[in-house]
Amino acid sequence: MSEKIERLKTLIIGSGPAGYTAAIYAARADLKPVVYTGMEPGGQLTTTTEVDNFPGYPEGIDGPSMMVQLQQQAERFGTEVRIGMVTAVELSDTVGGIHKVTIDDSKTIEAETIIISTGASAKYLNIPSEQRLRGGGVSACAVCDGFFYKGQDVAIVGAGDTAAEEASYLANICNKVTMLIRKDYMRASKAMQHRVQSIKNIEIRYNTEVDEVLGDQVVEGLRMVNNQTGEKEDIAITGLFIAIGHKPNTDIFKGQLDMDETGYIITKGKSTKTNKPGVFASGDAQDKEYRQAVTAAGTGCMAALDAERYLATVETPQETV
Ligand SMILES: Cc1cc2nc3c(=O)[nH]c(=O)nc-3n(C[C@H](O)[C@H](O)[C@H](O)COP(=O)(O)OP(=O)(O)OC[C@H]3O[C@@H](n4cnc5c(N)ncnc54)[C@H](O)[C@@H]3O)c2cc1C
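The name that an unreviewed UniProt entry assigns to the protein is Thioredoxin reductase, with the source organism given as Zobellia uliginosa. Recorded in UniProt for the protein, the comment headed Sequence similarities (unreviewed entry) runs: "Belongs to the class-II pyridine nucleotide-disulfide oxidoreductase family." Recorded in UniProt for the protein, the comment headed Cofactor (unreviewed entry) runs: "FAD".

Explain the overall build of the protein to me, using residue names and the numbers behind them.
Within the protein one finds 7 helices and 17 strands. Taken against the 2.2 N^0.38 rule, which gives 20 Å for 321 residues, the C-alpha radius of gyration of the protein at 22 Å falls within 12% of a compact globule. Summarising its shape, the C-alpha atoms of the protein cover approximately 70 × 40 × 40 Å along the three principal directions. Every one of the 321 residues in the protein was classed for burial, and the buried ones make up 50%. Contacts in the protein between residues at least 24 apart in sequence constitute 59% of all its contacts with a sequence separation of at least 6. Carbon and sulfur atoms make up 49% of the accessible area of the protein, which totals about 16,100 Å². Charged side chains of the protein number 32 positive and 43 negative; the gap between the two group centres comes to 4 Å.

Tell me about the site of the ligand, and please be specific about residues and values.
Near the ligand there are 35 residues, and of these Thr37, Glu40, Asn53, Asp284 and Ala293 occur at the shortest range. Interatomic distance of 2.8 Å between a side-chain N/O atom of Gln44 and an oxygen atom of the ligand. Measuring from an oxygen atom of the ligand, one finds a backbone N or O atom of Asp284 at 2.8 Å. Every element with two or more residues in the shell around the ligand is listed here: helix H1 (17–28), helix H4 (142–145) and helix H7 (293–315). Of the residues contributing to the shell around the ligand, the split by class is 14 nonpolar, 16 polar and 5 charged.

Give me the lowdown on the packing of helix H5 (residues 161–173) against helix H6 (residues 190–198), citing residues and values where you can.
At a closest axis distance of 9 Å, the pairing of H5 and H6 adopts a crossing angle of 30 degrees. On the basis of the axis angle, H5 is roughly parallel to H6. Remark: the crossing between H5 and H6 carries left-handed chirality. Between H5 and H6, the contacting residues are Asp161, Ala164, Glu165 and Ser168 on the first element and Met192, Arg195 and Val196 on the second. Taken together, the residues of the contact of H5 with H6 break down into 3 nonpolar, 1 polar and 3 charged.

Can you lay out the nonpolar core for me, pointing to particular residues and giving the numbers?
Soluble, globular proteins show a tendency: their nonpolar side chains are buried together. Judged by nonpolar contacts, the single largest core of 25 residues is most densely connected at Met66 and Ile115. Considering every element that reaches this core, the biggest residue donor is H7, with 7 residues. Among all residues touching Ile115, those that are not within four sequence positions of it are Thr10, Leu11, Ile12, Ile13, Ala22, Phe280, Ser282, Ala303, Ala304 and Ala307. Membership of the second largest hydrophobic core comes to 22 residues, among which are Ile156, Ala163, Ile181 and Met186.

Can you tell me about the state of the cysteines, naming the residues and giving the values?
Within this structure, the stated rule accounts for 1 disulfide. The disulfide that involves Cys141 links it to Cys144, with 2.0 Å between the sulfurs. An S-S torsion of about 60 degrees defines the bridge between Cys141 and Cys144 as right-handed. Cys144 gets classed as partly exposed once you look at its relative accessible area, which sits at 27%. Here Cys174 is not cross-linked by a disulfide; its sulfur's nearest cysteine counterpart is in Cys141, at 13 Å. Exposure remark for Cys174: the relative accessible area of 6% places this residue in the buried category.

Tell me what's going on with the sheet that holds strand S12 (residues 208–214), and back it up with residues and numbers.
Strand order in this open sheet of 3 strands is S12-S13-S14, and the pairing throughout is antiparallel. Edge strands, defined here as strands with exactly one partner in the open sheet, are S12 and strand S14 (232–236). The sheet shows a mean angle of 30 degrees between the axes of neighbouring strands, direction not considered. Across 6 bridges, S12 lies against strand S13 (residues 221–226) in antiparallel orientation. Its bridge partner lying in S13, Glu212 is registered against Arg223.

Could you give an account of unusual backbone geometry, naming the residues involved and the relevant values?
You will see that Asn207, though not glycine, has its phi angle at about 50 degrees, which is positive. As for its placement among the helices and strands, Asn207 is situated in the loop between strand S11 (202–205) and S12. With relative accessibility at 17%, the residue Asn207 sits in the buried group. Phi at Arg291 takes a positive value of approximately 45 degrees, unusual for a residue other than glycine.

Rules used in this analysis
Residues numbered from 1 in each chain as written. Predicted model: local features only at pLDDT ≥ 70, side-chain atom pairs only at ≥ 80, totals over all residues. Heavy atoms only, no water. UniProt positions renumbered as here; feature names shortened; annotations may be inferred. Helix = DSSP H or I, 4+ residues; strand = E, 2+ residues; numbered from the N terminus. Rg over C-alpha atoms; globule rule 2.2 N^0.38 Å. Buried < 20%, exposed > 50% of the residue type's maximum accessible area, 1.4 Å probe, protein only. Contact = heavy atoms within 4.5 Å. Areas by Shrake-Rupley, 256 points an atom, 1.4 Å probe, with all protein chains shown as cover. Lys, Arg positive; Asp, Glu negative; His and termini not counted. Charge placed at Lys NZ, Arg CZ, Asp CG, Glu CD. Near = heavy atom within 4 Å. Polar contact = N/O pair within 3.5 Å; in protein donor to acceptor, adjacent residues only side chain to side chain. Nonpolar A, V, L, I, M, F, W, Y, C, P; charged D, E, K, R; others polar. Axes fitted to C-alpha atoms, helices over the stretch in contact; angles between N-to-C directions. Parallel < 35°, antiparallel > 145°, perpendicular 65-115°, else oblique. Left-handed = near helix turned anticlockwise from the far one by under 90°. Core = buried A, V, L, I, M, F, W, Y, C linked by side-chain atoms within 4.5 Å. Disulfide = S-S within 2.5 Å. Pairing = 2+ DSSP bridges.

Okay, structure coming up:
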C-alpha cells in the first residue's frame, strides 16, 4: 500500500529571521506553516555573539538567544518547526498548482505555497586562524559588527563594490582601515574606487593577502604577505572584516526560479513573488543589497502576506466576466 503524501498549506524553507517572521505571520493567518530548519537552525545570527541593531532589544542580545525567541514566537501561534533539509523541489507552473518537495533526499511532501528563506552564506578565506577567530574579531559583516571596533585599527579583505563600501563605512567609525587587495587593481566601480582612495584613514595594500590572523582568543594583529615579493609584514588590528562576497543558498531552485547571475532569486516589483505561482522568496536569498536581520524579517512578513493573499485568490477563484 502506498504511503499518503503529506500536503501543507505553507512550507517555509529556512529558520533565520526571514523564515521565522514569515512563520509568525503565516501561523496567525491560519496557514498552518511548517518550517524546515536546514543545516543551520536559527540561521546566520547564531554565529554572532552580539546583535545591537535589531529593534526591540535596547541592551542588545546575543544572536542564538534572539533566534530562540523568534522560534518560540512562531511556535506560540502553531508553527511546526522540523529539523531537515530541503534537497529537491519540483515547482508547479500553474496557479493553484501543487509543489513537490523532497526532504533529506528521502521524504516527499506537497505544498500549496512555499516561502523560501534559505539565506546567503558569506564567503571566507578558509585559513585556520581566520576560522578559529570568527566571532572573536573576524567578521563578514561590517555594518553589523563595525561599531564594536569604534576608534580602533581594523583591516578589510576584498576588492569589489561591497568591500569598498564596507571600507568607507568602517573608516567613519574606526581609527584606521587597512584594505587588502589580492590583485594590483580594485574590482569596484570607478566611483567607489575614487571614494575609497580619497578617504584619509584607509590604507590600500595591493598584491596583498592574509597570511595569518594573529591572536589567541581575539584578533590582535594580522600577518600580511605580498604575493609578488613574498615579503611578510605584521600589523596590529583588533578586527578583520572579510568582504569577498556571499553565496545565496539557492542551488536547489536553479533552472526553476529566475535568478540573477550570482544566484539571488529575483522577485517581482515590490512583492516577494517569484516567477512560479505560489512560491515566494524572502530574506538574504533574494537580497544582495541590504542583508540585515531586520530587512530579512521585513521581507519574511511580506512573503507570508503574499502567500495568504495568493491562497485566498486560489481558494476563492474570481468569477470570469
Ligand atoms: C557574523 C554575522 C553577524 C551578523 N550580525 C548582524 C547584526 O548584528 N545585525 C543584523 O541585522 N544582521 C546581522 N547579520 C546579517 C544577518 O544575519 C542576515 O542578514 C540574516 O540572518 C538573514 O536572514 P535570512 O532569514 O534571510 O537567512 P539566514 O539567517 O541565513 O537563514 C537561512 C536559513 O535557511 C536554512 N536553509 C538553507 N538552505 C536550506 C535548505 N535547502 N533546506 C532547509 N533550510 C535551508 C538555513 O539552515 C538557515 O536556517 C550578521 C551576519 C553574520 C554572518
